[in-house]
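Fold and geometry: a report
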Amino acid sequence: MTDLSMFYSEPVFRPPSEGNSLLLTVSIGCSFRCTFCYPYRHKKFSIRNIGDIKRDIDISKKLYGDSIRKIFLLDGNAFISKPDKLVEISNYCYQQHKNLQRVSAYAHANDIIGKSDEDLMRIAKSGLTMVYLGIETGDNDLLKTINKKTTAENLIKAAQKLHKSGIILSGTIILGLAGNNPELSKKHAISTAKLINEMNPIKSQIWYISALSLMLPPGTEIKKDVKEGIFTPLNQKDTLKELNNILENISDDLHGCVFRSNHASNYLALKGILAKDKDDLIQKVKYGLSHPESLRPEYYRGL
Ligand code: SF4
């Protein structure tokens, strides 16, 4: 009897918006080690060979017929794969799944800036049209502290390269990442707003920025820092103030940026287009600050 199970290396994580997507394992784990990130800590990083990936695509066709609309490439930074390989995977996904509309993946900034504009355009043309980029902060000191292995300048470069190629950018920032230190929190907020401003596309196109709030899962270095008294988490009120500070420093010239804070880790769920809805979003944050009973309680926050 033929084995019709696709390969997965547990635990498996995907962005909330990929909830209905077919998950396809292209790489295992993540080649980076950010201090706050836990899903891939116990996985040895590797990239699967094309034959195994194509076998999984064949199996998914047998399992789901023509019902697949979106495919998300696992794991933490599947976009590290060579351009030719990503194009081959994406082409094969569309070949097998007639109703496929999008292929997407997580990426680290270095996975993007390491590829030429021509290669990124080829990848976009193959149908891999969305990349989820962990921005976290625009503060270079904080990027170093969290072991992000990139800089604000490279994050901006990565975003602009994606815009130019036609691959849609979906970036995430993390509220509370600088901890309970007013000066550092302000620096994180202002640098992050500045970075978002500099990610503004030249031409009119849609892009996404989502805010998460820092969680402290067991086994992470940041959790260890909390236990050792090196890091104090930001409280609910100051997290909202940080969000307010980011929004207030967003340039009025920003366009096409869908801003969301509807992730389960957040105290306040927001959605709007920046900079068009900036004032409205700020008013909602201010309301949350003056009506804490309207916010998501600490015990309801989750990943
Ligand atoms: S690059 Fe992303 S997935 Fe990899 S360790 Fe950092 S936060 Fe986690």
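The notes below deal with the structure included here. (Residues numbered from 1 in each chain as written. Predicted model: local features only at pLDDT ≥ 70, side-chain atom pairs only at ≥ 80, totals over all residues. Heavy atoms only, no water.)

1. Re the nonpolar core
What counts, and what does not: We call a set of buried Ala, Val, Leu, Ile, Met, Phe, Trp, Tyr and Cys residues a nonpolar core when their side-chain atoms join them within 4.5 Å. Burial classification: accessible surface area is computed with a 1.4 Å probe over protein chains only, and a residue below 20% of its type maximum counts as buried, one above 50% as exposed, and the rest as partly exposed. Helix and strand assignments follow DSSP, with helices taken as H or I runs no shorter than four residues and strands as E runs no shorter than two, numbered in order from the N terminus. Between two residues, a contact is recorded if the distance between any of their heavy atoms is within 4.5 Å.
Counting 76 residues, the largest nonpolar core has Leu73 and Phe79 as its most contacted members. Considering every element that reaches this core, the biggest residue donor is helix H6 (residues 152-165), with six residues. Each residue touching phenylalanine 79, except ones within four places of it in the same chain, is listed here: Leu86, Ala105, Tyr106, Ala107, Asp111, Ile112, Lys115, Leu120, Ile123, Leu128, Val131 and Ile167. Formed by eleven residues, the second largest nonpolar core is a distinct cluster that contains Leu23, Phe72, Tyr106 and Tyr132.

2. A few points about the pattern of salt bridges
To keep it simple, the criterion reads: Here, a salt bridge means any Lys or Arg side-chain nitrogen found within 4 Å of an Asp or Glu carboxyl oxygen.
The final tally for this structure, using the stated rule, is 20 salt bridges. The salt bridge involving arginine 41 is made with glutamate 221; its shortest N-O contact spans 3.0 Å. Linking arginine 41 in the loop between strand E2 (27-28) and strand E3 (46-47) with glutamate 221 in helix H8 (residues 221-227), this pair joins segments that are 180 residues apart in sequence. You can call arginine 41 buried: its relative accessible area is 18%. The salt bridge partner of aspartate 252 is lysine 278, with a shortest N-O separation of 3.2 Å. One end of the pair, aspartate 252, is in the loop between helix H9 (236-248) and strand E9 (257-260); the other, lysine 278, is in helix H10 (residues 278-290), and 26 residues separate them in sequence. Each of the salt bridges in this network shares a partner with another, and the network as a whole consists of Asp84, Asp119 and Arg122.

3. A closer look at the packing of aromatic side chains
How we decide: Only rings of Phe, Tyr and Trp enter the pairing, Trp through its six-membered ring, and a pair is recorded when the two centres are within 6.5 Å. The plane angle decides the type: under 30 degrees is stacked, over 60 is edge-to-face, the rest tilted. We count a charge as sitting over a ring when the NZ of a lysine or the CZ of an arginine lies within 6 Å of the ring centre and within 35 degrees of the ring normal.
In the structure shown here, the tally under the stated rule is four aromatic pairs. Judged by centre distance (5.0 Å) and plane angle (90 degrees), the rings of phenylalanine 72 and tyrosine 106 are edge-to-face. Taken together, the residues span a long stretch of sequence, with phenylalanine 72 in strand E4 (residues 70-74) and tyrosine 106 in strand E5 (residues 102-107) at a distance of 34 residues. The two residues phenylalanine 72 and tyrosine 106 agree in class, both being buried. On the numbers, 5.9 Å between centres and 75 degrees between planes, the contact of phenylalanine 72 with tyrosine 132 is edge-to-face. In this pair, phenylalanine 72 sits in strand E4 while tyrosine 132 sits in strand E6 (residues 128-136), placing the two residues 60 residues apart along the sequence. Here phenylalanine 72 matches tyrosine 132 in class, with each residue buried. The cationic tip of lysine 54 hangs over the ring face of tyrosine 92; the distance from NZ or CZ to the ring centre is 5.0 Å.

4. Regarding unusual backbone geometry
Backbone torsion omega between glutamate 10 and proline 11 reads 0 degrees, so that peptide bond is classified as cis. Following the sequence through the fold, proline 11 ends up in the segment before strand E1 (22-25). Residue leucine 274 is joined to alanine 275 through a cis peptide bond whose omega torsion reads 0 degrees. Along the chain, the position of alanine 275 falls in the loop between strand E10 (271-274) and H10. Positive phi, close to 70 degrees, is recorded for glutamate 136, a residue that is not glycine. The exposure class of glutamate 136 is buried, given its relative accessible area of 5%. Here the phi dihedral of lysine 149 falls at roughly 60 degrees; this positive angle occurs in a residue that is not glycine. Structurally, lysine 149 can be placed in the loop between helix H5 (140-145) and H6.

5. Examining the site of the ligand
Quick reminder of the rule: It suffices for a single heavy atom of a residue to lie within 4 Å of a molecule or strand for the residue to be listed as near it. Only protein atoms enter the 1 Å grid used here. Points where a 1.4 Å probe fits but cannot escape make up a cavity, open sets with protein on both sides within 12 Å along at least five of seven lines make up a pocket, and a residue lines them when an atom lies within 4 Å of a point. Occupancy of a cavity or pocket is assigned to a molecule whenever over half of its atoms lie within 2 Å of that pocket's grid points.
With respect to spatial proximity, the complete set of residues near the ligand consists of Cys30, Phe32, Cys34, Phe36, Cys37, Tyr40, His108 and Lys148. Comparing atom positions with the cavity grids shows the ligand to sit within the largest pocket.

6. A word on the packing of helix H1 (residues 50-64) against helix H2 (residues 83-96)
Quick reminder of the rule: Lines fitted to the C-alpha atoms define the axes, with helices restricted to the stretch that makes contact. Angles between their N-to-C directions range from 0 to 180 degrees. Orientation categories follow fixed angle ranges, with anything under 35 degrees roughly parallel, anything over 145 roughly antiparallel, 65 to 115 roughly perpendicular, and all other angles oblique. The crossing is said to be left-handed when, going from far helix to near helix, the turn is anticlockwise and less than a right angle, and right-handed when the turn is clockwise.
In the contact formed by H1 and H2, the axes pass within 10 Å of each other and the chain directions differ by 20 degrees. Taken together, the axes of H1 and H2 are roughly parallel relative to one another. Between H1 and H2 lies a crossing of right-handed hand. Along its contact with H1, which presents Ile50, Ile53, Lys54, Ile57, Asp58 and Lys61, the element H2 presents Lys85, Glu88, Ile89, Tyr92, Cys93 and Gln96.

7. Considerations on the pairing of E5
The following threshold applies: Paired strands, as defined in this entry, are two strands with at least two bridges between them according to DSSP.
Here E5 lies mainly inside the structure; six of its six residues are buried. In E5, alternate side chains face the same way, and those of Arg102, Ser104 and Tyr106 on one face and Val103, Ala105 and Ala107 on the other are all buried. When E4 meets E5, the two strands line up parallel, connected through four bridges. Paired with isoleucine 71 across the bridge in E5 is valine 103. In this structure, E5 lies alongside E6, joined through five bridges in parallel fashion. Following the sheet pairing, serine 104 is matched in E6 by methionine 130.

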